[in-house]
Amino acid sequence: MLRINLNENIQNFLLIFLFLFITNNLFAGLGNTTWGAGGIKRDIEVNEIEVIEEENKKQSVTIESDDKFKSIELKNIDVNTVGTLTKDEGGLGYDMWSGSKRNVIKDYLENLPINRESNLAIELIKKLLLSNAKVPKSNGEIDLILIRINKLIELGDFDNAKSLIDLVNKKDNEEILIKQTEINLSLNNFDLACLNIEEQRKSFKQNLFWRKVEIFCQILNGKTNKANLSLSLLKEEKNFNDENFLKIIDSLIYKDEINDESLVNLNLLNLVMTRVANINIKESYVLNDDPLLLTMIYRMPNAPIKLRIEAIEKSKKLLNLPIETIEEIYNSYDLKEKDKNISLDDNILLGSDTQSILFQMAIAEDDEEKKAKIIQKSLELASINGNFTLISKLNLNSLLEIKPSKNLSWFASYAAKSLLISNNKKEAMKWYEVLKKEKDKNTELFNNFIELWVIVEFLNLKNKESGYKNISQNEILKSIDKFDSQNKKLVFDTLGFYILENFGVKINPQFWLINLDNQEIESKQLPNSSLISLLKNASENKKVGETILLILMSLDNKNFNQLHPFFLQIVISSLNQIGLQEKAFDVVIETLIER
């Protein structure tokens, strides 16, 4: 009797152990992830597919062969809770929805705007969507996970969307299967896109999407007769009206040339097919603002380089591309003779080719002063267009070739900000030192210095171990007195001082008095008062996920530097209250650098 009980105890222990092991792995996600507004890169090569399937079969056989574990089923796991990021991996924590109601979470997620203006906003959106977290019980609905997947696709982040889809049992969920197929098509994973296409077409007969994909797959696999038959049947459907699909399919089957000007408003499947059919898209093709399509177009070799650059710049901060990739694309633009005569003194119109011209001019220029003028013009235009981060990365190598000197003090502010946004703090501080020494020469240099002084103060607050000794407020006031004695009026923005005060730094009242007459009327509007009240309530009650959602909803599709100073203070306070102090610093630094 004792032996039987002992055996039963051992068996129960093993069952509990396996259950914990399985759920832990499910919630832990997919291992290490590389962060960035553009997502992670994990394309599956065609020759890897068979290996993956073989490994899956072996795992299946191993589990099923052990009778002791056949009864284990994970029926009670809510698929809406799964994610690829644990708290240790940068997620927001398993309890991030603690205290929040399910209907509120769903409503906020559905109304979450896609932001392409702020690096930090994009980072927070991705953390929110990818974190594995407990949610209030549902009635078996697969709703929140679907919204999260859709939002990632709207961000153009196919890889992370695919990672979430891989965690879901999607056999009977057509919406998830469509998203999975579209992602595989966009990433050139045609083997995966076509793997179960016949079964899906049979399961979801009403949706013509599956029939179109099946025809495309049949052509890829050399089954032209089947494709022609399927196409004939598709044309008979009353609801079929995709003329672009028919033109591109004809080109694929019969190698017919297409007048690409007749191809407009292409959907994702049609774009993929133009790439396979090697149909060249013309420069005149009008791009819409859909991040999903923009993210795909910049990678299409059959799109002209000018159009690919336009797609990158329209995407703004959604694409976190490697510097090498950005340089390669912009360097592919064919620089014409007239482009080389562009005048930096004129008001250059910002077109899709402007940054390419300036980038190539900076590379070719040997004179440091001329190179600095080119890069400054490039960064000025980038600030206007909301592409400061992208263009800073594009010109990074050229910028690093310029040695900081007092002769280039006029360039120091742009150089330092560009290097800071590109995570080159050490090099940025060299330019700050130049500006610090030259600040008293004229009012413009002093105003540039003040902007950077505030940023350096925040960097010191964020990293107290940096050991960098900045000059004091009293020293700055002495410089201001000198300009005042010469009847030279200083005009600088005191927003940074205002925020420093909110971080506990005592600001000398003279700064407010000096600049009192210089302040422009604040034109920035506050968000809806209800959103402000909801945000305060959520942060005070430590509702992490809800607080971030409300910040992002209030921000809408703007950058943090477009927020009213009063509301910026509320955002910073809210992030501090939910334990994201580092992100509060990031908000300030991003605001001041790109202001």
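Fair warning: this is a prediction, and the values are worked out from it, not measured in the lab.

So, unusual backbone geometry
What you tend to see is this: most non-glycine residues have negative phi, and most peptide bonds are trans.
Turning to step 1, where the next piece is worked out: At N188, a residue that is not glycine, the phi angle is positive and equals roughly 65°.
Turning to step 2, where the next piece is worked out: Topologically, N188 is positioned in the loop between α7 (174–186) and α8 (190–194).
Turning to step 3, where the next piece is worked out: For N265, which is not a glycine, the phi torsion comes out positive at approximately 50°.
Turning to step 4, where the next piece is worked out: Note on placement: N265 falls in the loop between α12 (243–254) and α13 (268–277).

As for the packing of aromatic side chains
The geometry of an aromatic ring pair comes down to the distance between the two centres and the angle between the two planes.
Turning to step 1, where the next piece is worked out: By the definition in use, this model includes 16 aromatic pairs.
Turning to step 2, where the next piece is worked out: Ring centres of F458 and F503 lie 5.4 Å apart, and the angle between their planes is 85°; on these two criteria the pair is classed as edge-to-face. Pair noted here: F458 is in helix α23 (residues 443–462) and F503 is in the loop between α25 (495–502) and α26 (510–514), with a separation of 45 residues, a long-range link.
Turning to step 3, where the next piece is worked out: An aromatic cluster of at least three residues, connected via ring pairs, comprises Y432, F446, F449, W453, Y468, F483, F492, F497 and F511.
Turning to step 4, where the next piece is worked out: In this structure, K212 packs its charged tip against the face of F245, placed 5.7 Å from the ring centre.
Turning to step 5, where the next piece is worked out: Against the face of F449 rests K439, its NZ or CZ located 5.7 Å from the ring centre.

As for the packing of helix α28 (residues 544–555) against helix α29 (residues 565–577)
Turning to step 1, where the next piece is worked out: Two elements in contact, α28 and α29, have axes separated by 10 Å at closest approach and are oriented at 160°. As far as their axial angle goes, α29 and α28 are roughly antiparallel. Of the two possible hands of crossing, α28 and α29 adopt the one that is left-handed. Along its contact with α28, which presents T547, I551 and S554, the element α29 presents F567, V571, S574 and L575.
Turning to step 2, where the next piece is worked out: Classifying every residue of the contact of α28 with α29 gives four nonpolar, three polar and no charged.

What about the environment of I342?
Turning to step 1, where the next piece is worked out: Along the chain, I342 falls in the loop between α16 (323–331) and α17 (354–364).
Turning to step 2, where the next piece is worked out: Residue I342 is classed as partly exposed on the basis of its relative accessible area, which comes to 22%.
Turning to step 3, where the next piece is worked out: I342 sits 15 residues away from I357 along the chain, and the two C-alpha atoms are 8.6 Å apart.

Description of the pattern of salt bridges
Turning to step 1, where the next piece is worked out: For the structure on display, the rule yields 24 salt bridges.
Turning to step 2, where the next piece is worked out: One salt bridge in this structure joins E594 and K317, with 2.6 Å as the shortest N-O distance. A residue pair is termed long-range when its members are at least 10 positions apart, and E594 in the segment after α30 (581–593) and K317 in the loop between α15 (305–315) and α16 qualify at 277 residues. Here E594 matches K317 in class, with each residue buried.
Turning to step 3, where the next piece is worked out: Taken together, the salt bridges that share partners define one network made up of D78, R102, K106 and D143.

Let's talk about empty space enclosed by the protein
Turning to step 1, where the next piece is worked out: Here the structure, examined in full by the defined rule, presents four cavities of 30 Å³ or more.
Turning to step 2, where the next piece is worked out: Of the pockets and cavities examined, the largest cavity occupies roughly 60 Å³.
Turning to step 3, where the next piece is worked out: For the largest cavity, the full set of lining residues is N80, M96, W97, L109, L128, S131, A133, V135, L144 and R148.
Turning to step 4, where the next piece is worked out: The residue inventory of the lining of the largest cavity, partitioned by class, reads seven nonpolar, two polar and one charged.

Quick look at the side chain of S251
Turning to step 1, where the next piece is worked out: Its place among the elements puts S251 in helix α12.
Turning to step 2, where the next piece is worked out: Here S251 is in contact with D256, I258, A277 and I279, once residues within four sequence places are set aside.

So, the state of the cysteines
Turning to step 1, where the next piece is worked out: Applying the stated criterion across every chain yields a total of one disulfide.
Turning to step 2, where the next piece is worked out: Disulfide pairing places C194 opposite C217 at an S-S distance of 2.0 Å. Judged by the torsion about the S-S bond (-85°), the C194/C217 disulfide is left-handed. Taken together, the residues span a long stretch of sequence, with C194 in helix α8 and C217 in helix α10 (residues 208–220) at a distance of 23 residues.

Describing a negative patch on the surface
Turning to step 1, where the next piece is worked out: A contiguous patch of negative charge, built from D366, D367, E368 and E369, is present on the exposed surface.
Turning to step 2, where the next piece is worked out: Mapped onto the secondary structure, E369 falls in helix α18 (residues 368–385).
Turning to step 3, where the next piece is worked out: By relative accessible area, which is 41% here, E369 ends up partly exposed.

A few points about the nonpolar core
Across soluble globular proteins, you tend to see nonpolar side chains buried next to one another.
Turning to step 1, where the next piece is worked out: Formed by 181 residues in total, the largest nonpolar core has its most connected members in F245 and F560.
Turning to step 2, where the next piece is worked out: Ranked by residue count, the leading element in this core is α23, at 11 residues.
Turning to step 3, where the next piece is worked out: Setting aside residues up to four positions removed in sequence, F560 forms contacts with S118, L120, A121, I551, L555, L568, V571, V587, E590 and T591.

What about helix α4 (residues 119–130)?
Turning to step 1, where the next piece is worked out: The terminal C-alpha atoms of α4, which comprises 12 residues, lie 17 Å apart, in line with the 16 Å expected from a rise of 1.5 Å per residue.
Turning to step 2, where the next piece is worked out: The buried count for α4 comes to 10 of 12 residues, which makes it a mostly enclosed element.
Turning to step 3, where the next piece is worked out: All buried positions along α4 are accounted for by L120, A121, I122, L124, I125, K126, K127, L128, L129 and L130.
Turning to step 4, where the next piece is worked out: Among the structural elements, α3 (102–110), α5 (144–154), α6 (158–165), α28 and α30 are those in contact with the buried residues of α4.
Turning to step 5, where the next piece is worked out: Where α4 starts, the residue carrying a side-chain oxygen 3.3 Å from the main-chain nitrogen of L120 turns out to be S118.

Scoring rules and cut-offs
- Residues numbered from 1 in each chain as written.
- Predicted model: local features only at pLDDT ≥ 70, side-chain atom pairs only at ≥ 80, totals over all residues.
- Heavy atoms only, no water.
- Helix = DSSP H or I, 4+ residues; strand = E, 2+ residues; numbered from the N terminus.
- Phe/Tyr/Trp six-rings, centres within 6.5 Å; stacked < 30°, edge-to-face > 60°.
- Lys NZ or Arg CZ within 6 Å of the ring centre and 35° of its normal.
- Axes fitted to C-alpha atoms, helices over the stretch in contact; angles between N-to-C directions.
- Parallel < 35°, antiparallel > 145°, perpendicular 65-115°, else oblique.
- Left-handed = near helix turned anticlockwise from the far one by under 90°.
- Contact = heavy atoms within 4.5 Å.
- Nonpolar A, V, L, I, M, F, W, Y, C, P; charged D, E, K, R; others polar.
- Buried < 20%, exposed > 50% of the residue type's maximum accessible area, 1.4 Å probe, protein only.
- Salt bridge = Lys/Arg side-chain N within 4 Å of Asp/Glu carboxyl O.
- 1 Å grid on protein atoms, 1.4 Å probe; cavity = no way out; pocket = protein on both sides within 12 Å on 5 of 7 lines; lining within 4 Å.
- Points joined across faces, edges and corners; volume = space filled by probe spheres on them.
- Disulfide = S-S within 2.5 Å.
- Patch = residues over 30% accessible without salt bridge, like charges linked within 9 Å, V, L, I, M, F, W, Y side chains within 5 Å.
- Areas by Shrake-Rupley, 256 points an atom, 1.4 Å probe, with all protein chains shown as cover.
- Lys, Arg positive; Asp, Glu negative; His and termini not counted.
- Charge placed at Lys NZ, Arg CZ, Asp CG, Glu CD.
- Core = buried A, V, L, I, M, F, W, Y, C linked by side-chain atoms within 4.5 Å.
- Expected span 1.5 Å × (residues − 1).
- Polar contact = N/O pair within 3.5 Å; in protein donor to acceptor, adjacent residues only side chain to side chain.

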